[in-house]
Amino acid sequence: MKTRQRLDYRNKLILAPMVRVGTLPMRLLALEMGADIVYTEELVDLKLLRSIRRPNPALGTVDFVDPSDGTIVFRTCAQETSRLVLQMGTSDARRALAVGMLLQRDISGLDINMGCPKEFSIKGGMGAALLADPDKAANILRTLCSGLDIPVTCKIRILPDVERTIDLVQKLAATGIAAIGIHARTRDERPQHPAHPEVLRAVAQAVDIPIIANGGSKNMHCYEDLRKFQLECGADSVMVARAAQINVSIFRPEGLLPMDELIKKYLRLCVDYDNAPHNAKYCVQSILREMQETPRGKRFLQCQTLQQICEIWELGEYCRRKQRELRTMGNSGRAEVKP
Ligand code: FNR
């Protein structure tokens, strides 16, 4: 593997893993806005394992393609490699390692999801199911740490009591992980519940590895709020999901960008990297929120193609020209994100 500087997780602003949001255009925009590290959406080990790595010269990307239907499971490019962490859903150490080996030249860190409370994850023994089986969780991390050249991390939720949370983090830290992301809510708490920064503070004081604080979006409206949450938690770094989904320029120390400017930047990247229209639409919807009720918002909701979406933000010609260029260069696949 080409030598790359090892990712350092201290004092970083991080785009959190978010299904359907954390695809290539949003990750690149987050980096442009000031994020130091970006996570992919959670990708499940089995899906990655059966994918085929295919460089795409027309787009300048590396695509991991599902051979059964040609959909793109994961698309990345050199511009993000040194700051990219892939989040995987897994319940099996050997399978996780096989995926890590397949991917490690294209990413700078591998994160294991140990916090997702959704039925799909729990049933498969993934996500928050691993919080209830610390030996298995530690075995997965130990296997990855000893078998891979890139840093390994995990993202957990806090447990209902502080002491048990500290015990768990100490056990996971002993596997050799480079950092730990902690969502300051328990498995059963939802976004409307307040986060528990005081628990993160207690954990941060008890362990040596970098703590990445997460769960503060409810009170984050600008860059300073990110730093405030980081301080409140006594954490090394801070990871943002919802606040960045709504306005990814929250990473900008200079302040938020106006909504239309942000959408235009995002759409240009969608065009440049031939992002799937339904994925672009989902992300723009997250930015527009109540503005979807305006006449322009309603027109947007009717859109089915990237071209139609781009017309609304005066990028119609840009999209047409780029898509023509890509067709000429023989772009070999469209980034398809399956719901
Ligand atoms: C998430 N979250 C999440 N977590 C994770 O570990 N893997 C994932 O793929 C996802 N997907 C996801 C999608 C969307 C749309 C949202 C809003 C959230 C949870 C997320 O990373 C984070 O832990 C929580 O949202 C709490 O952080 P915030 O929102 O308070 O910054």
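Residues numbered from 1 in each chain as written. Predicted model: local features only at pLDDT ≥ 70, side-chain atom pairs only at ≥ 80, totals over all residues. Heavy atoms only, no water.

## Brief notes about the sheet that holds strand β5 (residues 72–77)
Part 1 of the argument: As summarised here, the arrangement of the 3 strands in space is β3-β4-β5, forming an open sheet in which the pairing is antiparallel. In the strand order of this sheet, the two ends are held by β3 (52–56) and β5, each with one partner. Going from strand to strand, the sheet's axes swing by 20° on average, the running direction of each strand aside.
Part 2 of the argument: This element, helix α1 (residues 24–33), spans β4 (61–65) and β5 of the sheet and lies at about 30° to β5. (Pairing = 2+ DSSP bridges. Helix = DSSP H or I, 4+ residues; strand = E, 2+ residues; numbered from the N terminus. Axes fitted to C-alpha atoms, helices over the stretch in contact; angles between N-to-C directions. Contact = heavy atoms within 4.5 Å.)

## Quick look at the sheet that holds strand β11 (residues 237–240)
Part 1 of the argument: Strand order around the closed barrel formed by 8 strands is β1-β2-β6-β7-β8-β9-β10-β11, with parallel pairing between neighbours. This sheet shows a mean twist of 25° between the axes of neighbouring strands, independent of strand direction.
Part 2 of the argument: When strand β9 (residues 179–183) meets strand β10 (residues 211–214), the two strands line up parallel, connected through 4 bridges. Bridge pairing in β10 places Ile 180 opposite Ile 211.
Part 3 of the argument: Against the sheet, helix α9 (residues 223–233) touches β1 (13–15), β10 and β11, its axis set at about 125° to β11.

## Quick look at the packing of helix α11 (residues 259–272) against helix α12 (residues 277–288)
Part 1 of the argument: Contact geometry of α11 with α12 gives a least axis separation of 11 Å together with a crossing angle of 170°. With respect to α12, the axis of α11 lies roughly antiparallel. Contact residues: Met 259, Leu 262, Ile 263, Tyr 266, Leu 267 and Cys 270 in α11; Asn 279, Ala 280, Cys 283, Val 284, Ile 287 and Leu 288 in α12.
Part 2 of the argument: Here the residues of the contact of α11 with α12 are counted per class, giving 11 nonpolar, 1 polar and no charged. (Parallel < 35°, antiparallel > 145°, perpendicular 65-115°, else oblique. Nonpolar A, V, L, I, M, F, W, Y, C, P; charged D, E, K, R; others polar.)

## Remarks on the packing of aromatic side chains
Part 1 of the argument: Counted under the stated rule, the structure contains 2 aromatic pairs.
Part 2 of the argument: Here Phe 300 and Trp 313 contribute two aromatic rings whose centre-to-centre distance is 5.8 Å and whose plane-to-plane angle is 80°, an arrangement assigned as edge-to-face. Note that Phe 300 is positioned in helix α13 (residues 295–302) and Trp 313 in the loop between α14 (306–312) and α15 (316–329), a separation of 13 residues in sequence. Residues Phe 300 and Trp 313 agree in their burial class; the two are buried.
Part 3 of the argument: For the cation-ring pair, Arg 20 lies above Tyr 282, with the distance from its terminal atom to the ring centre recorded as 4.1 Å.
Part 4 of the argument: Over the face of the ring belonging to Tyr 318 we find Arg 268, whose NZ or CZ atom lies 5.9 Å from the ring centre. (Phe/Tyr/Trp six-rings, centres within 6.5 Å; stacked < 30°, edge-to-face > 60°. Buried < 20%, exposed > 50% of the residue type's maximum accessible area, 1.4 Å probe, protein only. Lys NZ or Arg CZ within 6 Å of the ring centre and 35° of its normal.)

## Quick word on the domain arrangement of the protein chain
Part 1 of the argument: For the protein chain, the assigned domains are domain 1 (13–251) and domain 2 (259–329).
Part 2 of the argument: Placing the centre of domain 1 and that of domain 2 at their C-alpha centroids yields a distance of 27 Å.
Part 3 of the argument: Listed as interface residues are 23 residues of domain 1 and, on the opposing side, 17 residues of domain 2.
Part 4 of the argument: Interface of domain 1 and domain 2: buried area, both sides summed, is about 1,700 Å²; carbon and sulfur atoms make up 66% of it.
Part 5 of the argument: Taken together, the connections running from domain 1 to domain 2 amount to 1 salt bridge.
Part 6 of the argument: Salt-bridge contacts for Glu 32 lead to Lys 265; the nearest nitrogen and oxygen are separated by 2.9 Å.
Part 7 of the argument: Going through the elements one at a time, α1, β5 and α10 (242–246) are the ones with two or more residues in the side of domain 1 that touches domain 2. (Domains from an automatic or database assignment. Buried area = accessible area lost by both parts, 1.4 Å probe. Salt bridge = Lys/Arg side-chain N within 4 Å of Asp/Glu carboxyl O.)

## Notes on the pattern of salt bridges
Part 1 of the argument: In the structure shown here, the tally under the stated rule is 16 salt bridges.
Part 2 of the argument: One salt bridge in this structure joins Arg 10 and Asp 236, with 3.3 Å as the shortest N-O distance. With Arg 10 in the segment before β1 and Asp 236 in the loop between α9 and β11, this residue pair connects regions lying 226 residues apart in the sequence.
Part 3 of the argument: Residue class for Arg 10 comes out partly exposed when judged on its relative accessible area of 40%.
Part 4 of the argument: We note a salt bridge from Arg 53 to Asp 106, for which the minimum N-O separation is 2.8 Å. A residue pair is termed long-range when its members are at least 10 positions apart, and Arg 53 in strand β3 and Asp 106 in the loop between α4 (93–103) and β7 (109–114) qualify at 53 residues.

## Side note on the site of the ligand
Part 1 of the argument: Not every one of the 18 residues close to the ligand is listed here, only the nearest: Gln 87, Asn 214, Ser 217, Ala 241 and Arg 242.
Part 2 of the argument: Between the ligand and Pro 17, the relevant distance is 2.9 Å, taken from an oxygen atom to a main-chain nitrogen or oxygen of the residue.
Part 3 of the argument: The contact in question runs from an oxygen atom of the ligand to an N or O atom on the side chain of Asn 113, over 3.4 Å. (Near = heavy atom within 4 Å. Polar contact = N/O pair within 3.5 Å; in protein donor to acceptor, adjacent residues only side chain to side chain.)

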